[in-house]
Amino acid sequence: MTKSAAGNGHAGNGNAALASLVRPQEGEIGREIFVDGQIYERELDAVFASSWLFVAHTSEIPSPGDYVTRDCGVDPVIVTQTEDQTFRVFLNTCRHRGMQVCRVDRGNTSHFRCPYHGWTYRNDGKLIGVPSLRQAYGTLDRDRLALTEPPHVRVLHGLIFVNWDPDAPSLEEYLGGMAWYLEILFGRTEGGMKAVGTPQRSRARMNWKLGADNFSGDGYHVAMTHRHAFDLGLFGGGTMLGHTIDVGNGHTVRIQNFPEGAPVPKHLALPPEVLESMERTLSPEQRGAIENITVMHGNVFPNFSFVDAVFTTTGDPEMPPVSFLNARLWQPAAADLTDLWSWIFVAEESPDWWEEASRVTFVRSHGLSGTFDQDDVEIWSNITEANQGPIARRQTFNYEVGVRVAEVDEAWPGPGRAYGVDYNEANQRAFYSKWLESMSGANPIREEARA
Ligand code: FES
Ligand code: FE
């Protein structure tokens, strides 16, 4: 942790202080929210303990007894498929003294035994074993001591979401129009999507919001940060065109198109088997939204991002252009530390050659070894480091791109407020508006729209 990551309270923690720091409608976001330890602590409760969070995909735990360990914010959880084939989520801490009952990434088991005193839980959370129960306790109400479960778990297109807030809105209400876009990504075929391999994991010295902010809609950085992609001809070339879509409730999508008439792959270069199924699954409007695109990316508030991208060349004459669908989590670990989780998905219908080409394209570009991730993470880490000081942290970041020039495209066929320009920070402004609402109950962009 860097010198001031624990926070020195410059920002104050009250709602008024936060509202003066986060002014998305003016395009100003105070840097304190990326470095202040007290704000970070409050986020864990106000944002992560009350939002719907993605924890795993059902294809990662396809059989009864399968499990993976994940985090909700910084709370460790176990995601299991139980004997009755339901997907359950448990806080990964023993009801006796809080030891983690499972300390590996994944596996298959009928029960979890705590390594401290040996309490044993079935994989549906029930406490079934207590060493020396009669001598130690006489009797014990074991039903009361099952592993703790969140009040809400929902599966949508294989994506397992959790919400720890008993009063949370339903997932459908929370996602609103974002469900339309998630269907394009994860519900595009009858067979559904599957995760390829295990997620890549790394830790970066950066604030988690910098990744979510970028994936929300930062088309503006591409030509500079990822200049190599243009130099190598990985994109279709020509002008950047596209839409930035403020889907509502802090959820965002950006879709970048190929220039009109460019000799480039349609429908993300998906294989015929997938396209055939997609005809029956997606609406014409949904298929139209991805017909002529290079990339679709976005963020489900707060920290679940995705990118589906096709490059005009893989650089390999043996390999035709293919696309990859990458999902990721920006998991907070400290104000200046983020765990990056990154999955690739392919449709179940994909032929083997396409799945392998998709994986290789991802690994070369957006995986841990990929050029895009290295470009981005170096920058986000630098921003986090450079803004720890008492002078820098009192400044603001500027989010004025598009404020005076972006116009809503009324012809956009999907949900949300779609702007027909590629350079626009409306999505980031919407993200921070929702963030402020989660932290304090006020949403400046929504209030401005109502006035
Ligand atoms: Fe788990 Fe004691 S902490 S059995
Ligand atoms: Fe980038």
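Data block above holds the structure.
About the thresholds
Residues numbered from 1 in each chain as written. Chains lettered and ligands numbered in written order. Predicted model: local features only at pLDDT ≥ 70, side-chain atom pairs only at ≥ 80, totals over all residues. Heavy atoms only, no water. Helix = DSSP H or I, 4+ residues; strand = E, 2+ residues; numbered from the N terminus. Buried < 20%, exposed > 50% of the residue type's maximum accessible area, 1.4 Å probe, protein only. Phe/Tyr/Trp six-rings, centres within 6.5 Å; stacked < 30°, edge-to-face > 60°. Lys NZ or Arg CZ within 6 Å of the ring centre and 35° of its normal.

> Would you mind showing me how to read unusual backbone geometry here?
Most peptide bonds take the trans configuration, and most residues that are not glycine carry a negative phi. The residue after F301, namely P302, is reached through a cis peptide bond having omega 5°. Relative to the helices and strands, P302 is located in the loop between strand 17 (293-300) and strand 18 (304-310). Although it is not a glycine, H157 sits at a positive phi angle of roughly 50°. Mapping H157 onto the fold places it in the loop between strand 11 (152-156) and strand 12 (159-163). H157 sits in the partly exposed class, given a relative accessible area of 28%.

> What is the right way to read the packing of aromatic side chains from this model?
The geometry of an aromatic ring pair is captured by the separation of the ring centres together with the interplanar angle, meaning the angle of the planes. A full pass over the atoms with the stated rule returns 21 aromatic pairs. With a centroid separation of 5.9 Å and 75° between ring planes, the pair formed by F34 and Y432 is classed as edge-to-face. With a gap of 398 residues between them, F34 in helix 2 (residues 32-35) and Y432 in helix 14 (residues 426-440) connect regions that are remote in the sequence. On the basis of relative accessibility, which here comes to 4%, the residue F34 falls in the buried class. With a centroid separation of 6.0 Å and 25° between ring planes, the pair formed by W341 and W343 is classed as stacked. When its relative accessible area of 5% is taken as the criterion, W341 is described as buried. Residue W343 is classed as buried on the basis of its relative accessible area of 1%. Clustering of aromatic rings is evident, with ring pairs tying together F34, F48, W208, F301, F397, Y399, F431 and Y432. Taking NZ or CZ as reference, K209 lies 5.2 Å from the ring centre of F34, over its face.

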